[in-house]
Amino acid sequence: MDTAIDLSDASKALDLDNIRFQLIRLEDTIIFHLIERVQFPLNASIYDPIALPVPTSNLALPPNISLADYLLSETERLHSTVRRYDAPDEYPFFPQVLQRPMLQPIKYPKLLHDNDVNVNDIIKEKYIKEVLPEACRKFGREDRGETKENYGSAATSDVACLQALSRRIHFGKFVAESKFRAETERFVKLIKAEDRAGIDAAITNAKVEQLVLERLRLKARTYGKDPSVGSTNTAGGEEKLDVEAVVKMYAQVVIPLTKVVEVEYLMQRLKGTQWE
Ligand SMILES: C=C(O[C@@H]1C=C(C(=O)O)C=C[C@H]1O)C(=O)O
């Protein structure tokens, strides 16, 4: 599984318009994965290792984990064998389970500065505690218990949602690198002063954020309804997705965490350089 962005030409890969195009493309991926997930009830038990303990033989993990963590960690272990996490735009939720790839390594051009920024723990926490309850609420279906269907389907959909959210949010590193190269002196000064608030203000583009939220609302409304059905009161015309929940997810989780990634990446940008 190799990166979806064209990294062969560094100037293209770090062109801010090209990066923003990738972010727009990821909106579709995230919305469609969410449409799949909210077909199922919240099923809170699949995130709770006490309510539904899943034993793992993986010594890198606790003896019992949640069904959701089991499926996510096993998926990452498998995907790592086909070098998913060699790609500079892929970050694991469980780095401790990754395996040596069976495929030959790809020589990616070095576009990003060395860094250890990974906000996947926060992404997963907010997805489980904030995003899903909000997205599932409108459909009003509570946890029907392990004996009912959907536990595996819900957890499988969660893997796709979390991986897409992680890619989108960690794309903040490419955005930050692009902005650093465009205004190096400005960012060197802010980074040396360890002025995180100043860096956050410098990387913030309120107009772009507004456009993102407006586009998200339009896409969620459009993708969430079957275009072949006239009005919502005809069978099959109901919305498949809570539009406002999607907008809220971006406004309260995706965009803020993308900016955290940008700031923390920049805080590590000078290490080992002439500016240190
Ligand atoms: C991603 C960027 O940086 C920031 C984060 C944004 C986002 O997460 O959508 C949008 C604008 C900026 O405030 C950008 O400038 O495009």
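Look above for the structure.
Residues numbered from 1 in each chain as written. Predicted model: local features only at pLDDT ≥ 70, side-chain atom pairs only at ≥ 80, totals over all residues. Heavy atoms only, no water.

Chemist: I would appreciate a short explanation of the environment of Cys161 in the present structure.
Modeler: If you trace the backbone, Cys161 turns up in helix 5 (residues 151–170). Since its relative accessible area comes to 3%, Cys161 is described here as buried. Each C-alpha atom of the pair Cys161 and Lys189 lies 37 Å from the other, and the pair is 28 residues apart in sequence. (Helix = DSSP H or I, 4+ residues; strand = E, 2+ residues; numbered from the N terminus. Buried < 20%, exposed > 50% of the residue type's maximum accessible area, 1.4 Å probe, protein only.)

Chemist: Please clarify how the site of the ligand should be interpreted in this entry.
Modeler: Not every one of the 15 residues close to the ligand is listed here, only the nearest: Arg20, Arg168, Lys179, Glu209 and Glu262. Between the ligand and Arg20, the relevant distance is 2.6 Å, taken from an oxygen atom to a side-chain nitrogen or oxygen of the residue. The separation between an oxygen atom of the ligand and a polar side-chain atom of Glu262 is 2.8 Å. Protein contacts shield 99% of the accessible area of the ligand, which totals 360 Å² for the unbound molecule. For the shell around the ligand, the elements supplying multiple residues, two or more each, are helix 2 (16–37), helix 6 (172–182), helix 9 (206–223) and helix 10 (243–267). If one sorts the elements of the shell around the ligand by residue count, helix 10 sits on top with four residues. Looking at the shell around the ligand residue by residue, the class counts come to six nonpolar, three polar and six charged. (Near = heavy atom within 4 Å. Polar contact = N/O pair within 3.5 Å; in protein donor to acceptor, adjacent residues only side chain to side chain. Areas by Shrake-Rupley, 256 points an atom, 1.4 Å probe, with all protein chains shown as cover. Nonpolar A, V, L, I, M, F, W, Y, C, P; charged D, E, K, R; others polar.)

Chemist: Teacher, can you tell me more about the pattern of salt bridges here?
Modeler: Close approach of charged atoms allows side chains with opposite charge to pair. Within this structure, the stated rule accounts for 22 salt bridges. Linking Glu262 and Lys179 is a salt bridge whose minimum nitrogen-to-oxygen distance equals 3.4 Å. Here Glu262, found in helix 10, pairs with Lys179, found in helix 6; they are 83 residues apart in sequence, far enough to count as distant. Comparing Glu262 with Lys179, the two get one shared label, buried. Each of Arg25, Glu27, Asp28, Arg215 and Lys219 takes part in one network of salt bridges that share partners. (Salt bridge = Lys/Arg side-chain N within 4 Å of Asp/Glu carboxyl O.)

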